[in-house]
Amino acid sequence: MKVQEVPKAQVEAAVVATKNISFIYRYFSLTLLLSASNLLYAVVLPEERADAMYHRYDGGGMVIDGPSILVRKNIAEKYSIAANYYIDSVSSASIDVLTSGASEYTEERIESSLDFTYLEDKSLINIGYTTSQENDYEASSFRIDFSQDFFGDMSTLSMGFSQGNDDITQTDNENFSEKLERRHYRIGLAQILTRHLIANINYESIIDEGYLQNPYRFILVNTGTAYNVEAERYPNTRNSDAVSLKLSYHLPWSAAIKSRLGYFTDSWGIKSQSIELDYSQQLNKRWLVDLRIRQYQQGEADFYANAFDIDSALQTFVGRDKELSEYSSFSVGLGASYEWTFNHRIEKARVNFQVDYMLFDYDNFHEVTSETTASFGIGNEPLYSFNAYALRLFFSIWY
Amino acid sequence: MKKIITLLFILQLLALSACSVKPWVKPYHRAKLANEVMQYDRDPISDGYIHHVRQARESARGAEGAGGGGCGCN
């Protein structure tokens, strides 16, 4: 929750696949978060600021990097407009690529979004639109969010809806064309509990209808002497429910400890839990540092298998996406910001660095390549695991 | 039906009790809550990115306090 501090005197006077990048979970855009994160916690307009970021992910045979620009401008203390431009430049030789025997590929995704926010008394309304484009996947989404302060501004109720529409094609198949439609319903409550503690509970239901599998990914069918490959077959619908509880506590010095608990379940039989702990401290007027750890674990989907036998491969739905398998991940993150303040049109500027190091351990997804199968024997390949880092280097100004 | 009536009764009680509870953290006592170290999504451009990275690699999605998002960067 973004809290506006009110001076006491003022109150007394009157009174916040092989070809892999494309096809799964690009449900809607990064900028939903960018734009709505402020919205859901505030009945004040988001800060007027501009950010320019370089991001880079490296791990599991993939390197994804690129720039992102986010600019927000407020008008007449009642309206706010935000625009984001984001690029993912992908170079992939992931385990799925290696399993298929394909060679490394490169591609690019460009995303842009626009958000308009309107403030009226204790209510905030946000309307946004995002598009994402690749050579074989186009996505667009519309969203509307509303939030309202009440109970002496100690509580903020928020709710929102998103509608996404994706057009899926295949680079090597001109006749392939599929669609995916998605709807999100969300509600949240942020509550000030004490002078040092804020709680935030959120729920979101997501409904997908359409083509949910990856046209580039295949299942493995173990014949006993070799693997055959077949196309994945996913249900055409997926309904999911997620709930999270966040707590932020201000310590006696200029620092805060924050926690987030998350629980997720869906109609494919996947259940997951996550826990995150963050520590942020203002060292002095210029330096702010962050430290965080996070644990995530999930169970497998009903129709997932690392390798199917000949009979089970005949079942209605089959998939071999490692994101549908049982696995856990652990990450640790560090961040630091250095600030300059000015007495001009630009109020302040910051240079920021954030990095997260992640470890992924799969419980029933195996590292199947021609080499591992030859070395260990069919069906005895080692379990897959990998580590990765995600860094962000960005420059921000407030005006 | 019985459950609905019970639920409505409980909600009614809560509503009545809420009327008697007044906001206990005054605006002038929110200085520490307003400190930016308390914010979960302090830098939207960075926080959005890391959510995006996670959602591309995890089946879980949603309830991040915002819309959610992701791309399938396996």
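If you're wondering where the values come from, they're calculated on a predicted model, not measured in any experiment. (Residues numbered from 1 in each chain as written. Chains lettered and ligands numbered in written order. Predicted model: local features only at pLDDT ≥ 70, side-chain atom pairs only at ≥ 80, totals over all residues.)

## Quick look at the overall build of chain A
What counts is decided by this rule: Labels follow the DSSP assignment, with helices taken as runs of H or I lasting at least four residues and strands as runs of E lasting at least two, numbered in each case from the N terminus. Around each residue's C-beta, the other C-beta atoms within 10 Å are counted; 20 or more make the residue buried, 12 or fewer make it exposed, and counts in between make it partly exposed. All C-beta atoms are placed from the backbone.
When you go through chain A residue by residue, the secondary structure sums to 4 helices and 18 strands. Considering chain A as a whole, with its 399 residues, one finds that 42% of them fall into the buried category.

## Considerations on the overall build of chain B
Within chain B, the regular secondary structure consists of 2 helices and 0 strands. Considering chain B as a whole, with its 74 residues, one finds that 55% of them fall into the buried category.

## Considering the environment of A:Ala76
Residue and element names in this part refer to chain A. Examined against the element boundaries, alanine 76 turns out to sit in the loop between β2 (62–75) and β3 (79–92). On the neighbour-count criterion, alanine 76 (7 C-beta atoms within 10 Å) is exposed. On a C-alpha basis, the gap between alanine 76 and phenylalanine 151 in space is 27 Å, while along the polypeptide they are 75 residues apart.

## Re the confidence of the model for chain B
Residue and element names in this part refer to chain B. Short version of the rule: What pLDDT reports is the predictor's confidence in each residue, on a scale of 0 through 100. Residues are treated as contacting if the C-beta atoms built from their backbones sit within 7 Å of each other.
Scored by pLDDT, chain B has a mean of 78; 70% of the residues are at 70 or more. Every residue in residues 66–74 is under pLDDT 50, and counting partners more than four places away or in other chains gives 57 contacts. Scored as a whole, the predicted complex attains pTM 0.86, and scored at its interfaces, ipTM 0.88.

## Things to note about helix α2 (residues 44–57) of chain B
The criterion, for reference: Here a helix's expected span is defined as the number of its residues, less one, multiplied by 1.5 Å.
The terminal C-alpha atoms of α2(B) lie 20 Å apart, and with 14 residues this matches the ideal 20 Å at 1.5 Å per residue to within 8%. Of all 14 residues in α2(B), 14 are buried; the element is thus mostly enclosed.

## Observations regarding the nonpolar core
How we decide: Residues of type Ala, Val, Leu, Ile, Met, Phe, Trp, Tyr and Cys that are buried and joined through C-beta atoms within 7 Å form what is called a nonpolar core.
Among the nonpolar cores identified, the biggest contains 23 residues, and A:Tyr57, A:Tyr362, A:Ala390, B:Ile45 and B:Val53 are the most heavily contacted of them. With residues up to four places along the chain from it excluded, the contact list for A:Ala390 reads A:Tyr57, A:Asp356, B:Ile50 and B:Val53.

## Concerning the environment of A:Leu45
Residues and elements named next belong to chain A. In this structure, leucine 45 sits in the loop between α2 (30–39) and β1 (49–59). Sequence separation between leucine 45 and lysine 73 is 28 residues; the distance between their C-alpha atoms is 9.9 Å. Setting aside its immediate chain neighbours within four residues, leucine 45 contacts Asn74, Glu77, Ser80, Thr117 and Leu119.

## Brief notes about the pairing of β2(A)
Residues and elements named next belong to chain A. Note the threshold: What makes two strands pair is DSSP finding at least two bridges between them.
Taken together, the 10 bridges between β1 and β2 define a ladder with antiparallel strand orientation. Of the residues in β2, the one forming a bridge with tyrosine 57 is isoleucine 64. Where β2 lies against β3, 12 bridges are found, and the strand directions are antiparallel. In the sheet register, valine 71 faces β3, and the bridge partner there is alanine 83.

## Topic: the confidence of the model for chain A
Here chain A averages 90 in pLDDT, and 89% of its residues register 70 or above. Overall, residues 6–42 of chain A carries pLDDT values under 50, and its contacts beyond four positions in sequence, including any with other chains, amount to 148 contacts.

## Side note on the pairing of strand β16 (residues 327–341) of chain A
Residue and element names in this part refer to chain A. Here 12 bridges tie strand β15 (residues 287–298) to β16, and the two strands are oriented antiparallel to one another. Each residue of the ladder has a partner; that of glutamine 295, found in β16, is phenylalanine 330. Sheet analysis places β16 next to strand β17 (residues 348–366), joined by 15 bridges and oriented antiparallel. Counted as the bridge partner of tyrosine 327 is tyrosine 362 from β17. From the end of β16 to the start of β17, which pair antiparallel, there are 6 residues.

## With respect to unusual backbone geometry
All names here are of chain A. Positive phi outside glycine occurs at glutamate 77, with the angle close to 55°. For glutamate 77, the position within the fold is in the loop between β2 and β3. The phi torsion at phenylalanine 151 lies on the positive side, around 55°, for a residue other than glycine. Counting through the fold element by element, phenylalanine 151 comes out in the loop between β6 (137–150) and β7 (155–170).

## So, the environment of A:Ala242
Tracing the backbone shows A:Ala242 in strand β12 (residues 237–250). With 23 C-beta atoms packed within 10 Å, A:Ala242 lands in the buried category. Each C-alpha atom of the pair A:Ala242 and A:Ile206 lies 8.6 Å from the other, and the pair is 36 residues apart in sequence. Excluding anything up to four places from it in sequence, A:Ala242 contacts A:Glu204, A:Gly262, A:Phe264, B:Ala60, B:Arg61, B:Gly62 and B:Ala63.

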